[in-house]
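Chain and residue survey
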Amino acid sequence: MTKPTIGLALGSGVARGWAHIGVLRALEEAGIKPDIVCGTSIGALVGGLYLSNNLDKLEEWALDLGKASMFRFLDLRLRGGGLISGRKLYKVIEEATGDMQIEDLEIPFAAITTELGTGHEIWVRKGHLAKAINASYALPGLFSPQKINDRWLIDGALTNPVPVSVCRALGARLVIAVNLNADTFGMTHVGESEADFSEEISAMGLFTSPVNMVKHRFFDKSANEPSIFGVMMSSLNIVQDRLSRSRLAGDPPDVTIAPRLAQYGLLEFDKAEVMIEEGRNAVGRSMPFLHHALKVLS
C-alpha cells in the first residue's frame, strides 16, 4: 500500500505547546512521519525546530526552564507594540536555527500568522525561519508584532488556531491535528494564574520603581475584578477555544490528537515534563484512529 501524504497541524496554546514535543516523539516511535508541517504560535515554534533538527535542543531547554529562568527571558518594556520585546527569546531560537530559510527545510512548512490591521490570515512559507516563528507567536499586547515583507504580523491563533486547512491546501491527504485546547471549556479560573504570575515576577525583582506602579496596574487583580493581564489571558483562552471549534467543524481533520491540558495555565512553561508526557499519552489514545485512517487512505 502507498502511504498517503501526511499533514501535521500543530495548534496554538502558549505553554501548553510543550505537549507537541511528546506528540512528535510518539509519532516518530510509531513510524508515522509527517510530509507537511503547519504550526500556529507555539505550534510553529515546535514544528519549525523539529524540521530544522533542533527538537532535542528544544526539549532540553524546555525541561531546564524553571520559573526563575523563564522570567529572565521576559525583557519587559513600557513602549512599543508589546509589554515584552521578545529579543531574548528570539535570540535562543536564532542560535538554534542560524540563518536557515524555510525553503531549505526537507519538507514543506508554514508558520501561521495574522496581519495586524486587516486581520488577514498569513501563511509564512518562505524566508528566515526564526523570524517566521517569532511572528507566529507574537501574542497581542504581550509580544511585539513582527514586520515581514512590509506587513506587521501577530499571533496566528487569532485567525487559525489549529491549521488543518493549511495542511490540506499544501497537499495533505491525511491530516493529523494536535488541538491543545480541546478540554479547556469551563476550566479557566479568572484571576488565579495571573495572580501567581504577578507574585513570581515580584519575587524576582523584575519590577522596580517607577515601573512598579505599572506592574500593579497591569498584573494585580483587585477584590472586585481581575487584572488587565488576567483578562488578556482568559480572552485568549476563549478565542482559541471558540475559533478552534468553528474552524475544525468547517474543515475537520482526519485524526485529532487532544492532550488533556486544561489544568495547566497558558504561562506554566516550567511544567514541560508533564506536558511532554501528556503529549505522548494523547498519541497513544489516538493510535487506533491513526492506524484506521492510514489503512483507509492508503
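One structure accompanies this document, and this report is about it. (Residues numbered from 1 in each chain as written. Predicted model: local features only at pLDDT ≥ 70, side-chain atom pairs only at ≥ 80, totals over all residues. Heavy atoms only, no water.)

Concerning a negative patch on the surface
On the surface, a cluster of negative charge is contributed by E94, E95, D99, E103 and D104. Within the secondary structure, E94 is located in helix α5 (residues 87–97). (Patch = residues over 30% accessible without salt bridge, like charges linked within 9 Å, V, L, I, M, F, W, Y side chains within 5 Å. Areas by Shrake-Rupley, 256 points an atom, 1.4 Å probe, with all protein chains shown as cover. Salt bridge = Lys/Arg side-chain N within 4 Å of Asp/Glu carboxyl O. Lys, Arg positive; Asp, Glu negative; His and termini not counted. Charge placed at Lys NZ, Arg CZ, Asp CG, Glu CD. Helix = DSSP H or I, 4+ residues; strand = E, 2+ residues; numbered from the N terminus.)

A word on the nonpolar core
Counting residues in hydrophobic clusters, the biggest one holds 70 residues, and the most contacted among them are W18 and F109. Top contributing element to this core by residue count: helix α11 (residues 272–297), with 10 residues. When residues no more than four places from it in sequence are discounted, the contact partners of W18 are I42, L58, W61, A62, L65, F269, A272, M275 and I276. Counting 13 residues, the second-largest nonpolar core is a separate cluster that includes A9, I36, A110 and A172. (Core = buried A, V, L, I, M, F, W, Y, C linked by side-chain atoms within 4.5 Å. Buried < 20%, exposed > 50% of the residue type's maximum accessible area, 1.4 Å probe, protein only. Contact = heavy atoms within 4.5 Å.)

Examining the state of the cysteines
Working definition: the covalent bond between the sulfur atoms of two cysteines is a disulfide. Throughout the structure, instances matching the rule amount to zero disulfides. In this structure C38 is not part of a disulfide, and its nearest cysteine sulfur, from C167, lies 3.7 Å away. Residue classification places C167 among the buried positions, given a relative accessible area of 0%. (Disulfide = S-S within 2.5 Å.)

Overview of the packing of aromatic side chains
The full count for this structure, using the stated rule, is three aromatic pairs. Ring centres of W18 and F269 lie 6.0 Å apart, and the angle between their planes is 75°; this geometry places the pair in the edge-to-face category. Of the two residues, W18 is situated in the loop between β1 (6–10) and α1 (19–29) and F269 in the loop between β10 (255–257) and α11; the sequence distance between them amounts to 251 residues. Residue class for W18 comes out buried when judged on its relative accessible area of 1%. Residues Y137 and F143 carry aromatic rings whose centres are separated by 5.4 Å and whose planes lie at 70° to one another, so their mutual orientation is edge-to-face. An aromatic cluster is defined as three or more aromatic residues linked by ring pairs; in this entry it consists of W18, W61 and F269. (Phe/Tyr/Trp six-rings, centres within 6.5 Å; stacked < 30°, edge-to-face > 60°.)

Description of the pattern of salt bridges
When the charged atoms of two side chains lie near each other, side chains of opposite charge can form a pair. Applying the stated criterion across every chain, the model contains 12 salt bridges. Across the salt bridge formed by R247 and E121, the nearest N and O atoms sit 3.1 Å from each other. Taken together, the positions of R247 in helix α10 (residues 228–250) and E121 in strand β5 (residues 121–124) put the pair 126 residues apart, joining distant regions of the chain. Ionic pairing is found between R168 and D254, a salt bridge with its closest N-O pair at 3.3 Å. Of this pair, R168 sits in helix α7 (residues 164–169) while D254 sits in the loop between α10 and β10, and the two are 86 residues apart along the sequence. Salt bridges sharing common partners tie together R25, D56 and E59.

Re the environment of I148
Summarising the element assignment, I148 is placed in strand β7 (residues 146–148). Among all residues touching I148, those that are not within four sequence positions of it are K131, A132, A135 and L153.

Digging into the pairing of β1
Counting buried residues in β1 gives five out of five residues, a clear majority hidden from the surface. What you see with β1 is no split at all: I6, L8 and L10 on one side and G7 and A9 on the other are buried throughout. As paired elements, β1 and strand β2 (residues 36–40) share four bridges and run parallel to each other. Bridged to A9 within β2 is C38. A crossover connection joins β1 to the parallel β2 through α1; in handedness this β-α-β unit is right-handed. (Pairing = 2+ DSSP bridges. Right-handed = clockwise from strand over helix to strand, strands pointing away.)

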